Amino acid sequence: MNITAGKYKGQKIKAPDENITRPTLSKVRMSIFNTLQAMTDFEGASFLDMYAGSGIMGLEALSRGFSKVVSIEKNKKVYNIIKSNFKKYEQENDLKLILGDSLKVCEKINEKFDIIYIDPPYFSGVYEESLKTVSKISNGIIILEHVTDVDLTGFEILKQKKYGDKFITFIIPAPAEDKKKGAEKYSAPKIDYDG
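Residues numbered from 1 in each chain as written. Predicted model: local features only at pLDDT ≥ 70, side-chain atom pairs only at ≥ 80, totals over all residues. Heavy atoms only, no water.

Draft legend 1. Up close: the overall build of the protein. For the protein, the count of helices and strands is six helices and eight strands. When the elements of the protein are put in sequence order from the N terminus, they spell out α-β-α-β-α-β-α-β-α-β-β-β-α-β. Per-residue burial over the protein gives 52% buried out of 195 residues. Expressed as a percentage of contacts within the protein between residues at least 6 apart in sequence, the contacts between residues at least 24 apart total 66%. (Helix = DSSP H or I, 4+ residues; strand = E, 2+ residues; numbered from the N terminus. Buried < 20%, exposed > 50% of the residue type's maximum accessible area, 1.4 Å probe, protein only. Contact = heavy atoms within 4.5 Å.)

Draft legend 2. Spatial organisation of the pattern of salt bridges. For the coordinates displayed, the defined rule picks out four salt bridges. A salt bridge links Glu60 to Arg29; the shortest N-O distance between them is 2.9 Å. Here the residue Glu60 occupies a position in helix H2 (residues 56-63), and Arg29 occupies one in helix H1 (residues 26-39), the gap between them amounting to 31 residues. There is no split in this pair, since Glu60 and Arg29 are both buried. The partner of Glu107 in a salt bridge is Lys136, and the shortest N-O contact between them spans 3.7 Å. A residue pair is termed long-range when its members are at least 10 positions apart, and Glu107 in helix H4 (residues 102-108) and Lys136 in the loop between helix H5 (127-134) and strand S5 (138-146) qualify at 29 residues. The class for Glu107 is partly exposed, based on a relative accessible area of 49%. Where salt bridges share partners, they join Arg29, Glu60 and Arg64 into one cluster. (Salt bridge = Lys/Arg side-chain N within 4 Å of Asp/Glu carboxyl O.)

Draft legend 3. Fine view of the environment of Val150. Relative to the elements of secondary structure, Val150 occurs in the loop between S5 and strand S6 (155-163). For the pair Val150 and Leu131, spaced 19 residues apart in the sequence, the C-alpha separation amounts to 9.8 Å.

Draft legend 4. Inspection of the pairing of strand S3 (residues 94-99) at higher detail. Examined bridge by bridge, strand S2 (residues 68-73) and S3 share six bridges and lie parallel to one another. Of the residues in S3, the one forming a bridge with Val69 is Leu95. Crossover S2 to S3 through helix H3 (residues 76-90) is right-handed. (Pairing = 2+ DSSP bridges. Right-handed = clockwise from strand over helix to strand, strands pointing away.)

Draft legend 5. Layout of the packing of aromatic side chains. Tallying each qualifying case throughout the model produces five aromatic pairs. Here Phe33 and Phe42 contribute two aromatic rings whose centre-to-centre distance is 6.3 Å and whose plane-to-plane angle is 85 degrees, an arrangement assigned as edge-to-face. As far as the burial class goes, Phe33 and Phe42 line up, both buried. In textbook terms, an aromatic cluster arises when at least three aromatic residues are bridged by ring pairs, as seen for Phe33, Phe42, Phe47 and Phe66. (Phe/Tyr/Trp six-rings, centres within 6.5 Å; stacked < 30°, edge-to-face > 60°.)

Draft legend 6. Up close: H5. Taken residue by residue, H5 has Tyr127, Ser130, Leu131, Thr133 and Val134 as its buried positions. For H5, the arc enclosing every buried residue in end-on projection is 165 degrees, short of the 170-degree limit, so these residues lie on one face. For H5, the elements touching its buried residues are H4, strand S4 (113-118), S5, S6 and strand S7 (166-173). (Arc of directions from axis to C-beta.)

Draft legend 7. Main features of H1. When the terminal C-alpha atoms of H1 are compared, their 20 Å separation across 14 residues agrees well with the 20 Å that a helix rising 1.5 Å per residue should span. Taken residue by residue, H1 has Val28, Arg29, Ser31, Ile32, Phe33, Thr35 and Leu36 as its buried positions. As for H1, its buried residues are in contact with strand S1 (46-49), H2, S4, S5, S6 and S7. (Expected span 1.5 Å × (residues − 1).)

Without other data, these values stay purely geometric and don't point to any function.
If you want it as structure tokens, here you go:
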């Protein structure tokens with residue numbers, strides 16, 4: 001697995017066992033960051049990868065210019081692989097890896113992140129709880145990678161892309177008056193079919 005763009009483009013990353021994790025495909029990673037770059041400036045921004053898996057999303061963010069990257073992983077074996085991948089970049093960057101349950105860790109975080117990436121195991125049923133948890137620490141855009149419908153009440157969809165059976169959804173907390181009304185699941189987003 002390689003970093004797709006930025007100052008570390010082409011550098012190889014060791015991937016954990018695919019029976020444990022499901023790394024985001026390079027085509028999808030490139031699209032996520034290209035879409036994100038059209039929405040916000042990476043310089044001086046912070047990125048939280050809530051379910052690190054392979055850790056590649058945090059390294060992509062770092063490579064593309066995010067100033068601070070935090071990744072969370074609860075599987076000790078996977079954590080150790082990510083840690084060995086991160087070691088090369090930790091000296092000169094604000095890069096942090098946390099071992100623990102993402103929901104519990106995020107409850108204890110007392111800083112805000114400009115971009116939060118949420119990609120848990122697809123059928124884990126933790127999307128809504130994850131959104132509730134990170135809404136307190138989000139300072140900008142939240143990105144979901146998912147294959148099933150997610151209740152996005154209280155959030156506004158900025159963009160949604162489809163790759164085969166998966167969706168990448170870019171959201172922000174809805175303005176207060178919209179939250180009172182209640183948002184629909186997928187309230188008529190623009191969907192780009194890229195796969």
